[in-house]
Amino acid sequence: MSKKISAFYNDELNAWLHSISFYMTELSNLSYRLKEIVERNSIVDIASKADVHQLILENTRKKFEELRIVIFDQKKYLTDNEILMADKLVTKSIEQKQKEITISFKKMEQDHINVKFHCNEFLNEMLRK
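Residues numbered from 1 in each chain as written. Predicted model: local features only at pLDDT ≥ 70, side-chain atom pairs only at ≥ 80, totals over all residues. Heavy atoms only, no water.

Chemist: Describe the overall build of the protein chain, naming the residues involved and giving the relevant values.
Modeler: Across its full length, the protein chain holds three helices and two strands. Start at the N end of the protein chain and walk to the C end: the helices and strands fall as α-α-β-β-α. Against the compact-globule benchmark of 14 Å for 129 residues, the protein chain has a radius of gyration of 19 Å, which places it well outside the compact range. By the burial criterion, 35% of the 129 residues in the protein chain qualify as buried. In the protein chain, the share of contacts with a sequence separation of at least 24, taken over all contacts with a separation of at least 6, comes to 85%. Surface accessibility of the protein chain: about 8,500 Å² in total, with carbon and sulfur atoms responsible for 55%. Computed over 21 positive and 20 negative side-chain charges, the separation of the two mean positions in the protein chain equals 2 Å. (Helix = DSSP H or I, 4+ residues; strand = E, 2+ residues; numbered from the N terminus. Rg over C-alpha atoms; globule rule 2.2 N^0.38 Å. Buried < 20%, exposed > 50% of the residue type's maximum accessible area, 1.4 Å probe, protein only. Contact = heavy atoms within 4.5 Å. Areas by Shrake-Rupley, 256 points an atom, 1.4 Å probe, with all protein chains shown as cover. Lys, Arg positive; Asp, Glu negative; His and termini not counted. Charge placed at Lys NZ, Arg CZ, Asp CG, Glu CD.)

Laid out in structure tokens, this is it:
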């Protein structure tokens with residue numbers, strides 16, 4: 001019984017989980033940097049501007065958490081007692097869900113890059129003042 005497809009899907013899911021952990025660490029670091037800027041700066045309205053970015057970071061983190069849950073659910077479908085299922089048991093439904101997760105993950109990566117870019121841009125602007 002071949003397990004090439006289920007193994008590939010499982011490896012892909014594991015890679016995404018690893019990436020999500022990395023991205024969430026980046027979000028935490030950005031959040032910390034925002035707090036530092038607010039604490040050491042006396043620029044008018046900086047706290048409210050930083051709060052906007054904090055909310056965006058938190059929203060992104062929540063989306064990653066939701067995606068992480070979906071990934072773990074998919075991993076459960078691919079295994080039986082932690083043993084990968086045979087390829088002939090991989091259903092169209094499992095394949096479709098994998099494709100949906102792929103699309104969601106790519107979108108989240110793009111969103112994360114944009115959020116990180118705008119937050120870093122804000123931090124750089126505040127450091128120059």
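Chemist: Tell me about the nonpolar core, residues and numbers included.
Modeler: Of all hydrophobic cores here, the largest spans 29 residues; its most connected members are Ile 20, Leu 34, Leu 57, Phe 64, Leu 67 and Ile 71. When contributions to this core are tallied by element, the ones reaching two or more residues are helix H1 (4-40), helix H2 (46-78) and helix H3 (92-128). It is H1 that provides the largest number of residues to this core, a total of eleven residues. Setting aside its immediate chain neighbours within four residues, Phe 64 contacts Ile 20, Tyr 23, Met 24, Leu 27, Met 108 and His 112. (Core = buried A, V, L, I, M, F, W, Y, C linked by side-chain atoms within 4.5 Å.)

Chemist: I'd like to hear about the packing of H1 against H2, residue by residue, with values.
Modeler: At a closest axis distance of 9 Å, the pairing of H1 and H2 adopts a crossing angle of 165 degrees. Taken as axis vectors, H1 and H2 run roughly antiparallel relative to one another. In the packing of H1 onto H2, the handedness of the crossing is left-handed. Per-class residue counts for the contact of H1 with H2 are 21 nonpolar, nine polar and five charged. (Axes fitted to C-alpha atoms, helices over the stretch in contact; angles between N-to-C directions. Parallel < 35°, antiparallel > 145°, perpendicular 65-115°, else oblique. Left-handed = near helix turned anticlockwise from the far one by under 90°. Nonpolar A, V, L, I, M, F, W, Y, C, P; charged D, E, K, R; others polar.)

Chemist: Which residues make up the packing of H1 against H3, and what values do they have?
Modeler: Where H1 meets H3, the axes come as close as 10 Å, and the angle between the chain directions of the two elements is 20 degrees. As judged from the angle between their axes, H1 and H3 are roughly parallel. Crossing geometry of H1 relative to H3 is assigned as left-handed. Counted by class, the contact of H1 with H3 contains 17 nonpolar, five polar and seven charged residues.

Chemist: If you had to explain the packing of aromatic side chains to someone new, which residues and values would you point to?
Modeler: Taken as a whole and judged by the stated rule, the model has four aromatic pairs. Joined through ring pairs, the aromatic side chains of Phe 22, Tyr 23 and Phe 64 make up one cluster. (Phe/Tyr/Trp six-rings, centres within 6.5 Å; stacked < 30°, edge-to-face > 60°.)

Everything listed here is a matter of geometry and, on its own, says nothing about what the molecule does.
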